[in-house]
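Topology and contacts: notes
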Amino acid sequence: MAKFKVIPIDLYKRDITVFIGTHDEFKQWVESYKVPSSWEQLIESIVESDDNAVASYWYNNNNGNGIIELCCHPEKKEEIGIAAHECLHCAMHILSYVNIPCIPHGANEAYTYLLEYLLVRVLDYNDYELVKL
C-alpha cells in the first residue's frame, strides 16, 4: 500500500514530501489528494509523465519545495542508494534555490548535512501516512 510523509526543512523554510508506491499510485494520489498550492505546477507534469524510472524527484521552481517518489521503502542497499540519489537531487535543488553555492573542492557542509537529514527521515518508517485512493 502506498504511503507518504512531509519532511519540514525549517532552516530553509521548505517542505519535501516523500511518496512511496507505484508510479500509477503516485499519479492517482497527486490527482486526488488535496495538494498544497506549492505543488500546483507539478501536478500536470506528473500526471502527463509516462516515466518508468525506479524513483524521481519532482520540484517547484517557484518555491523550492519538492516531492521524492520511491517505488518501495528502502531496505536493501541498492534501494537505500536510490533513496540517497533522490535526496541528493533534493538537497542540491533546495540549496541552489536559497543561493547556497556548491563550492568545487569545498567541504560543502550545508549539502552534506541536508542530505543526511533528508535520508534519515526517508528511511524512518514511523511517520508515514497511508494513501487512500
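Helix and strand content of the protein chain: 4 helices and 5 strands. Counting all 133 residues of the protein chain, 42% fall into the buried class. Restricting the contact set of the protein chain to residue pairs at least 6 apart, pairs at least 24 apart contribute 57%. On the protein chain, roughly 7,800 Å² of surface is accessible, and the fraction owed to carbon and sulfur atoms is 53%.

Tallied over the entire structure, the rule returns 1 salt bridge. D127 is the salt-bridge partner of K5, the closest N and O atoms lying 2.6 Å from each other. Here K5, found in strand 1 (residues 3–9), pairs with D127, found in the loop between helix 4 (109–123) and strand 5 (129–130); they are 122 residues apart in sequence, far enough to count as distant. For K5, a relative accessible area of 3% puts it in the buried group. Residue D127 is classed as partly exposed on the basis of its relative accessible area, which comes to 44%.

In contact at an axis separation of 9 Å, helix 3 (residues 77–97) and helix 4 are set at 135° when each is read in the N-to-C sense. In terms of axis orientation, helix 3 runs oblique to helix 4. Considering the relative orientation of helix 3 and helix 4, their crossing is right-handed. In this structure, helix 3 contributes I80, A83, A84, C87, L88, C90, A91, M92, I94, L95 and S96 to the contact, and helix 4 contributes A110, Y111, L114, L115, L118, L119, V122 and L123. Looking at side-chain class alone, the contact of helix 3 with helix 4 contains 18 nonpolar, 1 polar and no charged residues.

Looking now at the nonpolar core. Membership of the largest hydrophobic core comes to 22 residues, with the highest contact counts inside it found for I16, V18, I68, L70, L114, L118 and V122. Only strand 1, strand 2 (14–20), strand 3 (55–59), strand 4 (66–70), helix 3 and helix 4 provide two or more residues apiece to this core. If sequence neighbours within four positions are ignored, L114 has contacts with I9, Y12, A91, I94 and L95. Counting residues in hydrophobic clusters, the runner-up holds 9 residues, among them A2, W29, V30 and W58.

Bringing the state of the cysteines into the picture now. Evaluated as defined, the whole model comprises 0 disulfides. No disulfide involves C72; its nearest neighbouring cysteine sulfur is the one of C71, lying 4.0 Å away. The class of C72 is partly exposed, set by a relative accessible area of 27%. With no disulfide partner, C90 has as its closest neighbouring cysteine sulfur the one in C87, 6.6 Å distant. Of the residues examined, C90 reaches a relative accessible area of 0% and is grouped as buried.

So, how was this worked out
- Residues numbered from 1 in each chain as written.
- Predicted model: local features only at pLDDT ≥ 70, side-chain atom pairs only at ≥ 80, totals over all residues.
- Heavy atoms only, no water.
- Helix = DSSP H or I, 4+ residues; strand = E, 2+ residues; numbered from the N terminus.
- Buried < 20%, exposed > 50% of the residue type's maximum accessible area, 1.4 Å probe, protein only.
- Contact = heavy atoms within 4.5 Å.
- Areas by Shrake-Rupley, 256 points an atom, 1.4 Å probe, with all protein chains shown as cover.
- Salt bridge = Lys/Arg side-chain N within 4 Å of Asp/Glu carboxyl O.
- Axes fitted to C-alpha atoms, helices over the stretch in contact; angles between N-to-C directions.
- Parallel < 35°, antiparallel > 145°, perpendicular 65-115°, else oblique.
- Left-handed = near helix turned anticlockwise from the far one by under 90°.
- Nonpolar A, V, L, I, M, F, W, Y, C, P; charged D, E, K, R; others polar.
- Core = buried A, V, L, I, M, F, W, Y, C linked by side-chain atoms within 4.5 Å.
- Disulfide = S-S within 2.5 Å.

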